[in-house]
Amino acid sequence: MRNPLFRPRALVAAGTAAVLALGAAACGDSGESDADVTFWHIQNEDPMKSTWQALADEWSEESGQTVEVSAIAVEDFKTRLSTQTQAGDLPDLYNTWGGGVLAEQVEAGLVRDISGLPCLDKVNPIALESYTIDGKLYAIPFDQGVVGFWYNKDLFAQAGITDTPTTWAEFTEDVQTLKDAGITPIALGGGDKWPIHYYWTYLAMRLVGLDGLAAAAESGDFSGPGFVQAGQLLADLAAMEPFQEGFESATYGEADGEAAVMGEGLAAMELMGQWGPQVQRDASGTEGIGESLAFFPFPAVEGGPGTATEFLGGGGGFAAGADAPDEIEDFMCYLLEEQNQARVVKDGNMSTVAANPEAVLPEPNHEQQAVIDALATATDTQLYLDQAYPPSIGSTINDASQGLVLGELTPEDFVAMVNEAWAAEQ
Amino acid sequence: MAAFISPALILFVLFVLVPVLFAAYTAFFRWNGLGGFPTDFVGLENFQTMLQDKVFLADLWRILLITILSIAVQLPMAFGLAMLLHQNFPGRTAFRLLFFVPYILTEAVTAVLFRLIFSPRRGFADAVLAGFGIDGIGWLSDKNIVIFVIFGILTWKFFGFHMILYLAGRQSIPEELYEAAKVDGATGKQLFRHITLPLMGPTLRITVFLSVIGTVQLFDLVYVLTKGGPFHASETLAITMYEQGFVRNQIGYASALSIAMFLLSLVFALIYQRYVLGRDLQGALTSSDGGRS
């Protein structure tokens, strides 16, 4: 039988197919839109969703650049961004929390250096720290705040608790009191893992201090007794069963998740960042618990060097992809204009990052005031560990925190897992 | 002939063979996926890590569990329904359609749907139980039952697909065989045992095959439903691979996992083809006459 492959027509056909295939491969790679600027943010609920869209539209009008805005829920955002990172093609403007995740993107040459941005005088320099890597700035902030306990004053009063706890012993006592009164003490999105890591991190911050934490991250050795004890205290707390029913698979932001449980007044407190009150309203589809919502810092732990004025915190910022057009700096400055910052702070119920806070937030509401007060008393801050550390270690801490709370891991297992992850990263 | 195959062949090489080989290559490196090609060669370390990884080993166990449950529960149920729906009765087309509908839904939509049904506070499932005065069950949050709940959802979603295959298989059996056997005095039991079952053999064997391969590659439904939680209790091999690769940026290790998954599917497919599907697939890759027929 003749082999048809050697006939000219067959060769042409095969060649055409190869070209088509290569063409398809080349096109398939760029998932880009036709817009000049792609903008990814995580405020996928109104009013903030509309506010970012409006700001983008206004700037688009002014500059003649087209902007495509994508509002993506936070968990999906992390997933999609990490896929984009692997593909080496980040959006022109995208949400970031700074720290190790941003550093890894910077190291891969995927992020634009914006140290020369002409409008940085509009921002409080403290808010730029998380986004500064080796002396260069890679993102602008739009929100800055702290993690602490948002609690329901009515439910505390119902259980007969008059003062907020200042030590861990008082805290666990209050948890028991709430339980005895038939109130779910704590809302927790256990399925998402990261809400749990706040507890372990805070306990570690209190028990080894921020210096101890920094030293451990430097050496990749979390074996110290403080870290094991932090795990033990968290395991002890979990053993009291203080969380809402089904917390093991609950998410943070879904309609039956942590924030919604708080927003509906079904649990007494949650450990969450400055965005907590807003998400409570969004996720529960209610007006939240209004003036009943108040804030207290994570308590001090007896015997540890950490104080209650050291906060776990951070904020949201926007970084620009390396391939972004130069006009992106103009867009960033547009977002930082004081009247625009004011809109973001107002609609998003965020705490301000402005150099001149009064110009942006003349009359903070009680939630914003709580965050401002906490920031004012803060003696030091630590960025969320799942952002501060490289992704493999941050994820390990999140994962191990979940294992600890579910009783699947001992505090010693936890420390061993984190050490192993650091060793693999070296 | 080759001219017609070549476009497909080129696409296959570019989009299947090259990625597979690249994954096999990166599996020998420690690599976070960023910045050009991997450079940190670690030999078999990723594979050693994998064999000691409790999550990986538990993934294998769960694959086995779901496979056994599928063959023992899901497929017989689909088979029984197919036999029932082959009978002539009013409204049988409507029933066929109804049972097939879940298969049409995408896995992600199915997962979202069941997340709502199994929601701990006011989900439909708990509400029904409450009607009987029974306390809520941690459908997705109890590590001991979550895998069975997932199996239940998989059954709901896929039994219709298998049922349609069985129905088609049953309908292709010529009625003359039954008529002839009846003339010879065969009972209903004998008809089933000696005509239906043997002639449906090829269909049965292929559905077992599809079911096993589907189980090995299970991802979307479980990921949306539980993300593999609580604490890996419902994790699948594909989820472990995804988490390692795209959440932890351990592309090297994730590649090793993907190779394991590929080999698992491949070895199973080859063995199954050779020894079980052999008589159905005369002329395929592994047949004894080298595919000459």
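These numbers were taken from a predicted model, which means no experiment stands behind them.

Engineer: Go over the overall build of chain A with me, naming the residues and quoting the values.
Structural biologist: Broken down by element type, chain A carries 17 helices and 14 strands. Taking 2.2 N^0.38 as the reference for a compact globule, 426 residues should give roughly 22 Å; the C-alpha atoms of chain A span a radius of gyration of 24 Å, in line with that estimate. Over its C-alpha atoms, taken along the principal directions, chain A stretches across nearly 90 × 60 × 40 Å. Across the 426 residues of chain A, 57% fall into the buried class. Summing over all exposed atoms, chain A offers an accessible surface of approximately 16800 Å²; the carbon and sulfur share of this is 51%. Measuring between centres, the 16 positive side-chain charges of chain A sit 12 Å from its 66 negative side-chain charges.

Engineer: Give me the sheet that holds strand β3 (residues 93-96) of chain A: which residues, what numbers.
Structural biologist: Hydrogen bonds between backbone groups are what pair the strands of a sheet, and the pairing can be parallel or antiparallel. Residue and element names in this part refer to chain A. Read from one edge of the open sheet, five strands run β2-β1-β3-β13-β6, paired in mixed fashion. In the strand order of this sheet, the two ends are held by β2 (67-71) and β6 (139-141), each with one partner. With direction set aside, neighbouring strand axes in the sheet form an average angle of 25°. In this structure, strand β1 (residues 37-41) lies alongside β2, joined through five bridges in parallel fashion. Within β2, the position partnered with V37 by the bridge is V67. Helix α2 (residues 48-63) contacts β1, β2 and β13 (317-320) of the sheet and is inclined by roughly 170° relative to β2. Set on the sheet, helix α3 (residues 74-87) makes contact with β1 and β3; between it and β1 the angle comes to about 140°.

Engineer: Tell me about the state of the cysteines, and please be specific about residues and values.
Structural biologist: Residue and element names in this part refer to chain A. Using the criterion set out here, one finds one disulfide over all chains in the structure. Across a sulfur-sulfur distance of 2.1 Å, C119 and C333 are joined as a disulfide pair. Disulfide C119-C333: torsion about the S-S bond near -85°, hence left-handed. Taken together, the residues C119 in the loop between α4 (99-107) and β4 (132-133) and C333 in helix α11 (residues 327-336) connect sequence positions 214 residues apart. Classification of C333 as buried rests on a relative accessible area of 12%.

Engineer: Could you give me a rundown of the sheet that holds strand β14 (residues 380-383) of chain A, with the residues and numbers involved?
Structural biologist: All names here are of chain A. With mixed pairing, the three strands of this open sheet are ordered in space as β7-β12-β14. Across the chains shown, the open sheet's two edge strands, defined by having one partner strand only, are β7 (145-146) and β14. Note that strand β12 (residues 310-314) and β14 share four bridges and pair parallel. Note that in β14 the partner of L312 across the bridge is Q382. Helix-sheet contacts for helix α7 (residues 194-219) involve β12 and β14, and the interaxial angle to β12 is about 120°.

Engineer: Requested: an account of the confidence of the model for chain A, with residues and values cited.
Structural biologist: Residues and elements named next belong to chain A. Mean pLDDT over chain A works out to 87, with 92% of the residues at or above the 70 mark. Per-element averaging of pLDDT across chain A places helix α1 (residues 8-29) at the bottom with 40 and strand β9 (residues 184-186) at the top with 97. Contacts of residues 1-31 to residues separated by more than four positions or lying in other chains number 19 contacts, the stretch itself having pLDDT below 50.

Scoring rules and cut-offs
Residues numbered from 1 in each chain as written. Chains lettered and ligands numbered in written order. Predicted model: local features only at pLDDT ≥ 70, side-chain atom pairs only at ≥ 80, totals over all residues. Heavy atoms only, no water. Helix = DSSP H or I, 4+ residues; strand = E, 2+ residues; numbered from the N terminus. Rg over C-alpha atoms; globule rule 2.2 N^0.38 Å. Buried < 20%, exposed > 50% of the residue type's maximum accessible area, 1.4 Å probe, protein only. Areas by Shrake-Rupley, 256 points an atom, 1.4 Å probe, with all protein chains shown as cover. Lys, Arg positive; Asp, Glu negative; His and termini not counted. Charge placed at Lys NZ, Arg CZ, Asp CG, Glu CD. Pairing = 2+ DSSP bridges. Axes fitted to C-alpha atoms, helices over the stretch in contact; angles between N-to-C directions. Contact = heavy atoms within 4.5 Å. Disulfide = S-S within 2.5 Å. pLDDT = per-residue confidence, 0-100.

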